[in-house]
Amino acid sequence: MVGPKAYIHLDRLIHNYHVIRDRIGGSPIMGVVKANGYGHGAIECSKALVQEGCEFLAVFTFDEAMKLREADIETNIMIFSRMQREFIADAVEYNITLNLSGTDDIKHLEEFAEQSGLCPKFHLKVDTGMNRLGVPFDEAAIVLKKISTKLLLHCEGIYSHYATADEGDLTYAEWQLEQFKLVLSLADEMGLRFKYCHFSNSGTVLNMPQTNFDIVRVGMLLYGAFPSDEVPTDLDIKPVMEFRGPIISLRRVTEGTKVSYGGVWESGKDTTIGVIQTGFADGFPRNWYKSGYVVYKGKPYPIAGRICMDQFMVNFGDDKAEIGDEVLLFGENDTDSLHMEEIAQQINSTPYVLSTGIHGRTERIYLT
Ligand SMILES: Cc1ncc(COP(=O)(O)O)c(C=O)c1O
């Protein structure tokens, strides 16, 4: 089919997995495969990770977890979203680990346990400063006490999430860590023991390796991109996604020809304009046209004019391009390279936004 293609290099995912594991001293990784594996394909990436020995996966919604189970993925799956009463029974049946982040959640679990005699596994999330989900720091004592009466057996873990782990200034992250340690001491004083304790994400793997605890939750680094331009980049990760678009038309235009919507781009001389069948509806970032380029046969070529919904244009100058060939939009292959991080930095975005944006008509092709 003609259109954008995301070549997913599973061999690079596996490489990244091992490089990260080495960096964290062999601690278990919870492979974060939410949002369709950050746009890379959750099922295929999960299978590759599990085959390498990854014992924990995480998704956001219950539906995402069920899709993995339906694909015969049997490893531990944790969901990060707020607990909903209606999926507690299925969580037991399909062995899915829930997120406990408030006193309401305790009520749901206790009621379910009273009616059925069963309870799903869950991890207690403590909010240490993200102010999103999680038991607020000052309610931690009450929640720990409540859990200790009936639910402790099913509480497999305690965790928190950093707000600024991928930033240059780690003051806030360090403060969050102190808050978390206070909660852990409190639990300890109450005699509560958890099988797993986790806090780290990609940013902390690079920035604060001392916070690894028992499991390290990793998303972006597994997919081969650095979470921000403020983290150390001394880790040999490789971009898993190679995003390419086909040249579907070529025309020679004269000097002064306006190209694309708004006519904001004008050729400075006679040149060859190629049409690439990939647009912002496929996740190609519209803002990138201002300074953006693609790579073709080892050379960069500038984007000409605004990116449209389904297509955009490239200025090939006097070079020869072929209809049917694909240009590299981001990623890496033997001859061409353009990292997502560079685009993210230029357009004031992040690799997270770019990779999860690749959806819709993009065909994923898995390479091993
Ligand atoms: C709770 C939680 N843990 C871990 C991660 C993984 O983060 P990263 O992709 O930066 O490794 C995420 C991602 O957003 C998350 O929401």
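Values in this document were obtained by computation on a predicted structure and should not be read as measured data. (Residues numbered from 1 in each chain as written. Predicted model: local features only at pLDDT ≥ 70, side-chain atom pairs only at ≥ 80, totals over all residues. Heavy atoms only, no water.)

Student: Quick question: what am I supposed to make of the overall build of the protein here?
Tutor: A count of helices and strands for the protein gives 11 helices and 20 strands. Considering only C-alpha atoms, the protein reaches an extent of 80 × 40 × 35 Å along its principal axes. Within the span of the protein, comprising 368 residues, buried residues form 54% of the whole. (Helix = DSSP H or I, 4+ residues; strand = E, 2+ residues; numbered from the N terminus. Buried < 20%, exposed > 50% of the residue type's maximum accessible area, 1.4 Å probe, protein only.)

Student: Mind showing me how you'd approach the site of the ligand here?
Tutor: Looking at the ligand, there are 14 residues lining it, with Lys-34, Tyr-38, Ser-202, Arg-217 and Tyr-352 nearest. Between an oxygen atom of the ligand and a main-chain N or O atom of Met-220, the distance comes to 2.9 Å. Surface burial for the ligand is 92%, taken as the share of its 400 Å² of free accessible area covered by protein chains. Among the residues forming the shell around the ligand, the class breakdown is six nonpolar, four polar and four charged. (Near = heavy atom within 4 Å. Polar contact = N/O pair within 3.5 Å; in protein donor to acceptor, adjacent residues only side chain to side chain. Areas by Shrake-Rupley, 256 points an atom, 1.4 Å probe, with all protein chains shown as cover. Nonpolar A, V, L, I, M, F, W, Y, C, P; charged D, E, K, R; others polar.)

Student: Is there a simple way to think about the domain arrangement of the protein in this case?
Tutor: A common way to state how big an interface is: give the accessible area lost once the parts meet. Annotation of the protein at the domain level lists domain 1 (10–218) and domain 2 (241–367). Put simply, the middle of domain 1 and the middle of domain 2, counted by C-alpha atoms, are 38 Å apart. Taken together, the contacts link 11 residues of domain 1 with 10 residues of domain 2. Here domain 1 meets domain 2 over a buried area of about 920 Å², counting both sides, of which 51% is carbon and sulfur. Looking only at domain 1, the three residues that lose the most surface to domain 2 are Arg-12, Tyr-38 and His-40, adding up to 49% of its buried area. Counting every contact that joins domain 1 to domain 2 gives zero salt bridges. At the surface where domain 1 touches domain 2, the tally comes to six residue pairs in polar contact (both at pLDDT 80 or more). Those elements that provide at least two residues to the side of domain 1 that touches domain 2 are α1 (10–23) and α2 (34–38). Of the residues belonging to the side of domain 1 that touches domain 2, the class tally is three nonpolar, five polar and three charged. (Domains from an automatic or database assignment. Contact = heavy atoms within 4.5 Å. Buried area = accessible area lost by both parts, 1.4 Å probe. Salt bridge = Lys/Arg side-chain N within 4 Å of Asp/Glu carboxyl O.)

Student: What is the right way to look at the packing of helix α6 (residues 103–116) against helix α7 (residues 140–150) in this model?
Tutor: Each pair of packed helices gets described by two things: the angle between the helix axes and the distance between those axes. At a minimum axis distance of 11 Å, the contact between α6 and α7 shows a crossing angle of 10°. By the angle class used here, α6 and α7 are roughly parallel. Across the interface between the two elements, Thr-103, Ile-106, Glu-110 and Glu-114 of α6 pack against Val-143, Lys-146, Ile-147, Thr-149 and Lys-150 of α7. A class-by-class count of the residues in the contact of α6 with α7 yields three nonpolar, two polar and four charged. (Axes fitted to C-alpha atoms, helices over the stretch in contact; angles between N-to-C directions. Parallel < 35°, antiparallel > 145°, perpendicular 65-115°, else oblique.)

Student: When you look at the pairing of strand β4 (residues 76–79) in this model, what are you seeing that I'm missing?
Tutor: Every regular strand shows the same layout, with side chains that alternate between the two sheet faces. Pairing between strand β3 (residues 56–59) and β4: four bridges, direction parallel. Following the sheet pairing, Phe-56 is matched in β4 by Asn-76. In this fold, the crossover linking β3 to β4 by way of helix α4 (residues 62–70) has right-handed handedness. In this structure, β4 lies alongside strand β5 (residues 96–100), joined through two bridges in parallel fashion. What sits directly across from Met-78, in β5, is Thr-97. (Pairing = 2+ DSSP bridges. Right-handed = clockwise from strand over helix to strand, strands pointing away.)

Student: Sorry, what's going on with the environment of Gly-305 here?
Tutor: Counting through the fold element by element, Gly-305 comes out in the loop between β16 (299–302) and β17 (312–317). We classify Gly-305 as buried; its relative accessible area is 2%. Along the chain, Gly-305 and Asn-315 lie 10 residues apart, while their C-alpha atoms are 9.4 Å from each other. Those residues within four positions of Gly-305 in sequence are excluded, and the remaining contacts are Val-259, Ser-260, Trp-265 and Tyr-289.

Student: Please explain the packing of aromatic side chains as it appears in this structure.
Tutor: How two aromatic rings sit relative to each other is set out by the distance from centre to centre and by the angle between their planes. Enumeration according to the criterion identifies 15 aromatic pairs in this entry. Relative to Tyr-352, the ring of Tyr-38 lies with its centre 6.0 Å away and its plane at 45°, an arrangement referred to as tilted. Note that Tyr-38 is positioned in helix α2 and Tyr-352 in helix α11 (residues 351–356), a separation of 314 residues in sequence. On the accessibility criterion, Tyr-38 (8% relative accessible area) is buried. What makes Tyr-352 partly exposed here is its relative accessible area of 28%. Between Tyr-162 and Phe-199, the ring centres sit 3.8 Å apart and the planes meet at 5°, which makes this aromatic pair stacked. (Phe/Tyr/Trp six-rings, centres within 6.5 Å; stacked < 30°, edge-to-face > 60°.)

Student: What is the right way to look at the pattern of salt bridges in this model?
Tutor: One side chain can pair with another of opposite charge once the charged atoms of both are near each other. By the definition in use, this model includes 19 salt bridges. For Lys-195, the salt bridge is made with Glu-156, and the minimal N-O distance between the two is 3.7 Å. Residue Lys-195 is located in the loop between α8 (171–189) and β9 (196–198), and its partner Glu-156 is located in strand β8 (residues 155–159); the two are separated by 39 residues in the primary sequence. For the salt bridge of Asp-310 with Arg-361, the shortest nitrogen-to-oxygen distance reads 2.9 Å. Note that Asp-310 is positioned in the loop between β16 and β17 and Arg-361 in the loop between α11 and β20 (363–367), a separation of 51 residues in sequence. Salt bridges sharing common partners tie together Lys-5, Glu-242, Arg-244, Glu-326 and Glu-363.

Student: What exactly am I supposed to notice about the pairing of β3 here?
Tutor: A two-sided burial pattern is seen for β3, the buried positions comprising Phe-56 and Ala-58 on one face and Leu-57 and Val-59 on the other. With three bridges connecting them, strand β2 (residues 29–32) and β3 associate as parallel partners. Residue pairing in the sheet places Val-32 in a bridge with Ala-58 of β3.

Student: How should the packing of α1 against helix α3 (residues 42–51) be read in this particular structure?
Tutor: Put simply, α1 and α3 touch, their axes get as near as 10 Å, and they point 50° apart. Our classification of the angle between α1 and α3 gives oblique. At the point where α1 passes α3, the crossing takes the right-handed sense. Taking contact as the criterion, the partners of Leu-10, Leu-13, Ile-14 and Tyr-17 in α1 are, on α3, Glu-44, Cys-45, Ala-48 and Leu-49. Grouping the amino acids of the contact of α1 with α3 by side-chain chemistry returns seven nonpolar, no polar and one charged. (Left-handed = near helix turned anticlockwise from the far one by under 90°.)

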